[in-house]
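Listed here are the chains, written in short residue letters.
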Amino acid sequence: GHSASASASRGMAAQRGTLCAECQSTEGQAKLRVAFGVNVCFNCEKARKGVGGKYQMMSKKRAKDEYLLTDKQLDAAQGGLGCIKVPNPNDARFGEMSLFLLRQVEELALQTWKSSEAR
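In what follows, the accompanying structure is described.

Rules of the game
Residues numbered from 1 in each chain as written. Predicted model: local features only at pLDDT ≥ 70, side-chain atom pairs only at ≥ 80, totals over all residues. Heavy atoms only, no water. Salt bridge = Lys/Arg side-chain N within 4 Å of Asp/Glu carboxyl O. Helix = DSSP H or I, 4+ residues; strand = E, 2+ residues; numbered from the N terminus. Buried < 20%, exposed > 50% of the residue type's maximum accessible area, 1.4 Å probe, protein only. Pairing = 2+ DSSP bridges.

### Considering the pattern of salt bridges
Item 1. Under the defined criterion, the tally for this structure stands at nine salt bridges.
Item 2. Ionic pairing is found between E22 and R48, a salt bridge with its closest N-O pair at 3.4 Å. One end of the pair, E22, is in the loop between α1 (2-16) and α2 (30-36); the other, R48, is in the loop between α3 (42-47) and β1 (57-59), with 26 residues separating them in the sequence.
Item 3. The exposure class assigned to R48 is partly exposed, which follows from its relative accessible area of 30%.
Item 4. Residue R93 pairs with D91 through a salt bridge whose shortest N-O separation is 2.8 Å.
Item 5. Of the residues examined, D91 reaches a relative accessible area of 19% and is grouped as buried.
Item 6. One salt-bridge network, held together by shared partners, links E22, R48 and K54.

This is the structure in C-alpha coordinates:
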(Lines give C-alpha, C1' and ligand atoms only; values in the text may rest on other atoms or scores of the structure.)
Protein backbone atom coordinates (compact mmCIF):
# COMPACT_ATOMS: atom_id res chain seq x y z
CA GLY A 1 0.00 0.00 0.00
CA HIS A 2 0.31 3.67 -0.08
CA SER A 3 0.95 4.35 3.61
CA ALA A 4 4.21 2.41 3.76
CA SER A 5 5.88 4.61 1.17
CA ALA A 6 4.50 7.76 2.77
CA SER A 7 5.97 6.88 6.16
CA ALA A 8 9.25 5.87 4.53
CA SER A 9 9.60 9.23 2.82
CA ARG A 10 8.64 10.91 6.08
CA GLY A 11 11.41 9.01 7.85
CA MET A 12 13.89 10.24 5.28
CA ALA A 13 12.70 13.82 5.65
CA ALA A 14 13.13 13.54 9.41
CA GLN A 15 16.68 12.27 8.98
CA ARG A 16 17.53 15.13 6.66
CA GLY A 17 15.91 17.57 9.05
CA THR A 18 13.60 18.85 6.35
CA LEU A 19 10.27 18.16 8.04
CA CYS A 20 7.98 21.12 8.62
CA ALA A 21 8.93 22.74 11.93
CA GLU A 22 5.26 23.46 12.63
CA CYS A 23 3.40 20.19 12.02
CA GLN A 24 6.36 17.77 12.02
CA SER A 25 4.56 15.60 9.51
CA THR A 26 5.02 17.08 6.07
CA GLU A 27 8.14 17.85 4.09
CA GLY A 28 9.04 21.54 4.26
CA GLN A 29 9.03 23.53 1.03
CA ALA A 30 12.44 23.44 -0.61
CA LYS A 31 12.21 27.03 -1.89
CA LEU A 32 11.63 28.38 1.62
CA ARG A 33 14.42 26.25 3.04
CA VAL A 34 16.84 27.58 0.44
CA ALA A 35 15.70 31.19 0.73
CA PHE A 36 15.11 31.55 4.46
CA GLY A 37 16.60 28.49 6.11
CA VAL A 38 13.19 27.54 7.46
CA ASN A 39 11.35 24.26 7.14
CA VAL A 40 7.65 24.86 6.70
CA CYS A 41 5.13 23.01 4.58
CA PHE A 42 2.69 24.78 2.29
CA ASN A 43 -0.31 24.48 4.62
CA CYS A 44 1.50 25.67 7.72
CA GLU A 45 3.04 28.59 5.85
CA LYS A 46 -0.38 29.51 4.48
CA ALA A 47 -1.89 29.39 7.97
CA ARG A 48 0.83 31.66 9.38
CA LYS A 49 1.55 34.18 6.69
CA GLY A 50 -1.08 36.74 7.58
CA VAL A 51 -0.28 39.97 9.37
CA GLY A 52 1.73 39.20 12.48
CA GLY A 53 2.27 35.63 11.33
CA LYS A 54 5.55 33.82 11.64
CA TYR A 55 5.87 33.51 7.86
CA GLN A 56 4.60 36.93 6.86
CA MET A 57 6.46 38.12 3.77
CA MET A 58 7.31 41.55 2.56
CA SER A 59 8.45 42.89 -0.79
CA LYS A 60 11.94 44.17 -1.40
CA LYS A 61 10.56 47.64 -1.98
CA ARG A 62 8.92 47.68 1.46
CA ALA A 63 12.03 46.26 3.11
CA LYS A 64 13.98 49.17 1.64
CA ASP A 65 11.35 51.85 2.23
CA GLU A 66 10.16 50.88 5.72
CA TYR A 67 13.26 49.27 7.19
CA LEU A 68 15.86 51.25 5.24
CA LEU A 69 17.80 48.16 4.25
CA THR A 70 20.19 48.35 1.32
CA ASP A 71 20.31 46.29 -1.86
CA LYS A 72 23.37 44.53 -0.53
CA GLN A 73 21.58 43.56 2.69
CA LEU A 74 18.78 42.13 0.55
CA ASP A 75 21.04 40.11 -1.71
CA ALA A 76 21.85 36.58 -0.59
CA ALA A 77 24.79 36.46 -3.00
CA GLN A 78 26.40 39.30 -1.05
CA GLY A 79 25.72 37.74 2.33
CA GLY A 80 22.36 39.41 2.72
CA LEU A 81 18.92 37.94 3.24
CA GLY A 82 17.50 35.27 1.00
CA CYS A 83 14.23 35.78 -0.85
CA ILE A 84 11.74 33.92 -2.96
CA LYS A 85 10.72 35.18 -6.38
CA VAL A 86 7.05 35.32 -7.23
CA PRO A 87 5.21 36.68 -10.25
CA ASN A 88 4.21 40.27 -9.68
CA PRO A 89 0.57 40.19 -8.52
CA ASN A 90 -0.12 43.69 -9.82
CA ASP A 91 1.36 43.43 -13.27
CA ALA A 92 3.12 40.43 -14.76
CA ARG A 93 5.05 42.75 -17.10
CA PHE A 94 7.10 44.04 -14.18
CA GLY A 95 8.77 40.67 -13.83
CA GLU A 96 9.19 38.87 -10.58
CA MET A 97 8.83 40.29 -7.11
CA SER A 98 11.33 39.41 -4.41
CA LEU A 99 9.68 38.46 -1.15
CA PHE A 100 11.55 38.43 2.12
CA LEU A 101 10.59 36.91 5.44
CA LEU A 102 9.38 39.82 7.55
CA ARG A 103 10.90 38.56 10.80
CA GLN A 104 14.31 38.25 9.12
CA VAL A 105 13.98 41.77 7.73
CA GLU A 106 13.06 43.09 11.18
CA GLU A 107 15.94 41.23 12.79
CA LEU A 108 18.46 42.57 10.30
CA ALA A 109 17.14 46.11 10.63
CA LEU A 110 17.38 45.83 14.41
CA GLN A 111 21.00 44.68 14.21
CA THR A 112 21.80 47.39 11.70
CA TRP A 113 20.35 50.23 13.74
CA LYS A 114 21.60 48.90 17.06
CA SER A 115 25.15 48.81 15.78
CA SER A 116 24.89 52.27 14.25
CA GLU A 117 23.63 53.70 17.56
CA ALA A 118 26.45 52.02 19.45
CA ARG A 119 29.09 53.93 17.55
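### Topic: the pairing of strand β3 (residues 96-101)
Item 1. Most of β3 sits out of view: five of its six residues are buried.
Item 2. In the sheet, β1 pairs with β3 via three bridges, with the strands oriented antiparallel. Residue pairing for β3: M57 is matched across the bridge by L101.
Item 3. Two elements, strand β2 (residues 84-87) and β3, share four bridges in a ladder whose sense is antiparallel. Opposite I84, over in β3, you have L99 as the bridge partner.

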